[in-house]
Amino acid sequence: MKLKSCTLFLVISLSVLAFSCGQKLPEEKTLRTITVSGNSQVKTVPDFVNITFSVKTIDRSVTAATENNALYTNNALSALKEAGINSNDISTNDYRISQPTYGDYAGRYIVQNSITVQVRNPDNAGKVIDSAIGPTKANGIDEYYYTIKDNDEVLRQARSNAVQNAYETANLYASVSGCKVGKVISIYEYDGYYSSSPAGMRATPPVYADLAVTQTPINANMCVSAKVDITYELTD
């Protein structure tokens, strides 16, 4: 009697196993995707111009080098104020004294100072540059860049345009391939960047001849850029 029960249980178990093996499981759907890049550049007029002038003096006497640097720096500061720059928009920084042991200035003392200025009217940038640069004033420009008040709004527009550009690219590839663009799977944003420095404005030695005849031309505009990588699902 016990033997028949065991046999019956074995038969039922094998039948269930056979049914399970014979049952067709639903196929897992393969996710089809496409990854594209979107780019955008939004041009805008800046609100401010930020300029860092350099004052560099060289002499075999450290006293002469420091005294000349102080004189040149004060001359540049006075010229900037005469050009209409408020004292609150001017700062001096990065004062250094060095004595190279090799190279063209070996054995001589080099004194360097920096003057940072914020010009609140970009149209006056050329006038400000010409006033601060001279034989006994600042003798170089280390940095020149624009800034805007409502940076968030311009960056928002650049991001929106970049996403739209990515979607249009994905839609183009999908339509040619007989597919449709579905939902967004992922978005990766690169760091936004700003292009604002006029060509040739970084650390360019000044030319003093005819300096008073023409004003340094400055075209005040800047470009805010955005870039994204977006992965979309593809559907039939």
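Just so you know, the residues in each chain are numbered from 1, in the order the chain's sequence is written. Reporting of local features is limited, given that this is a predicted model, to residues whose pLDDT is at least 70; pairs of side-chain atoms are given and counted only at 80 or more, and all residues count toward the totals for whole chains, interfaces and linings. Computation of side-chain values covers all heavy atoms of the structure but excludes hydrogens and water.

Student: Account for the overall build of the protein chain, with residues named and values stated.
Tutor: For the purposes of this entry, the term helix denotes a DSSP run of H or I that reaches at least four residues, the term strand denotes a run of E that reaches at least two, and both are numbered from the N terminus. The helix and strand tally for the protein chain stands at four helices and eight strands. Counting helices and strands in the order they occur from the N terminus, the protein chain gives α-β-β-α-β-β-α-β-α-β-β-β. When accessible area is computed with a 1.4 Å probe and restricted to protein chains, residues below 20% of their type maximum are described as buried, those above 50% as exposed, and intermediate ones as partly exposed. Classification of the 236 residues of the protein chain by burial places 31% in the buried group. Note on contacts: a residue pair is in contact if any heavy atoms of the two residues lie within 4.5 Å. In the protein chain, 84% of the contacts between residues at least 6 apart in sequence involve partners at least 24 apart. For the area figures, the Shrake-Rupley method with a 1.4 Å probe applies, and any residue is considered shielded solely by the protein chains shown. Within the structure as shown, the protein chain displays about 15,200 Å² of accessible surface, and the carbon and sulfur contribution to it stands at 52%.

Student: Can you lay out helix α2 (residues 62-82) for me, pointing to particular residues and giving the numbers?
Tutor: In this analysis, the expected span of each helix is defined as 1.5 Å times one less than the number of residues it contains. In a regular helix each residue adds 1.5 Å, so 21 residues correspond to 30 Å; α2 covers 30 Å between its end C-alpha atoms and thus fits that length. Of the surrounding secondary structure, the elements contacted by the buried residues of α2 are β2 (48-59), β3 (90-98), β4 (109-119) and α3 (125-132). One or two steps after α2, the chain reaches G84, where phi turns positive at roughly 100°.

Student: Tell me what's going on with the nonpolar core, and back it up with residues and numbers.
Tutor: Side chains of a nonpolar character, in soluble globular proteins, are inclined to be buried together. Residues enter a nonpolar core if they are buried and are Ala, Val, Leu, Ile, Met, Phe, Trp, Tyr or Cys, with the set joined through side-chain atoms within 4.5 Å. Counting 43 residues, the largest nonpolar core has I51, F53, L80, I115, Y144 and Y232 as the members making the most contacts within it. The set of elements that each furnish at least two residues to this core consists of β1 (33-44), β2, α2, β4, α3, β5 (140-147), α4 (151-176) and β8 (222-235). For L80, the contacting residues outside a window of four places in its chain are F53, I85, I90, I115, V117, V128, S131 and A132.

Student: Could you give an account of the side chain of T231, naming the residues involved and the relevant values?
Tutor: The topology assignment puts T231 in strand β8. For T231, a relative accessible area of 13% corresponds to the buried category. With near-sequence residues (within four places) excluded, T231 lies in contact with T33, I34, T35, K183, V184, I185 and S186.

Student: How would you sum up the packing of aromatic side chains? Please name residues and give values.
Tutor: The geometry of an aromatic ring pair comes down to the distance between the two centres and the angle between the two planes. Only the six-membered ring of Trp is used, alongside the rings of Phe and Tyr, when aromatic pairs are assigned; centres must lie within 6.5 Å, and planes under 30 degrees apart are stacked while those over 60 apart are edge-to-face, with the rest tilted. A complete count under the given rule lists three aromatic pairs for this structure. For the ring pair Y167 and Y232, a centre distance of 6.1 Å and an interplane angle of 70° mean the geometry is edge-to-face. Here Y167 is found in helix α4, whereas its partner Y232 is found in strand β8, with 65 residues between them in sequence. For the ring pair Y188 and Y190, a centre distance of 4.9 Å and an interplane angle of 85° mean the geometry is edge-to-face. Since its relative accessible area comes to 31%, Y190 is described here as partly exposed. Whether a charge sits over a ring depends on NZ of Lys or CZ of Arg being within 6 Å of the ring centre and within 35 degrees of the ring normal. The ring of Y190 has K227 lying over it, and the distance from NZ or CZ to the ring centre is 4.6 Å.

Student: Break down the sheet that holds β5 for me, citing the residues and quoting the values.
Tutor: Here four strands make up an open sheet; going across it, the order is β3-β4-β2-β5 and the pairing antiparallel. Single-partner strands in this sheet number two, and they are β3 and β5. Averaged over all neighbouring strand pairs, the angle between strand axes comes to 15°, with direction disregarded. Sheet topology places β2 next to β5; seven bridges connect them, and they run antiparallel. In this scheme, strands are said to pair when DSSP sees at least two bridges between them. For every element, the axis is a line fit to its C-alpha atoms; helices are fit only across the contacting stretch, and the angle between N-to-C directions ranges from 0 to 180 degrees.

Student: Describe in detail the environment of L80, supporting the description with residues and values.
Tutor: Note that L80 resides in helix α2. A residue is classified by how much of its surface remains accessible, and L80, at 0% relative accessible area, is buried. Taking C-alpha positions, L80 is 5.9 Å from A132, a pair spaced 52 residues apart along the chain.

Student: Describe the pattern of salt bridges, with residues and values.
Tutor: We define a salt bridge as a contact between a side-chain nitrogen of Lys or Arg and a carboxyl oxygen of Asp or Glu at a distance within 4 Å. Per the counting criterion, the structure on display carries five salt bridges. One salt bridge in this structure joins R159 and E189, with 2.6 Å as the shortest N-O distance. Within this pair, whereas R159 is found in helix α4, its partner E189 is found in strand β6 (residues 180-189), the two being separated by 30 residues in sequence. Residue classification places E189 among the partly exposed positions, given a relative accessible area of 35%.

Student: How would you explain the packing of α2 against α3 if you had to name every residue and give the values?
Tutor: Remark: α2 packs on α3, axes separated minimally by 8 Å, with the N-to-C direction vectors making an angle of 150°. With respect to α3, the element α2 is oriented roughly antiparallel. Two packed elements cross with a definite hand, and for α2 against α3 that hand is right-handed. Contacts from A76, A79 and L80 in α2 reach V128, S131 and A132 in α3. Its residues placed into classes, the contact of α2 with α3 shows five nonpolar, one polar and no charged. Angles are sorted into four bins: roughly parallel if under 35 degrees, roughly antiparallel if over 145, roughly perpendicular if 65 to 115, and oblique for all others. Each crossing gets its handedness from the near helix: less than a right angle anticlockwise from the far helix is left-handed, clockwise is right-handed. In this classification, the charged set is Asp, Glu, Lys and Arg, the nonpolar set is Ala, Val, Leu, Ile, Met, Phe, Trp, Tyr, Cys and Pro, and all remaining amino acids, among them Gly, are polar.

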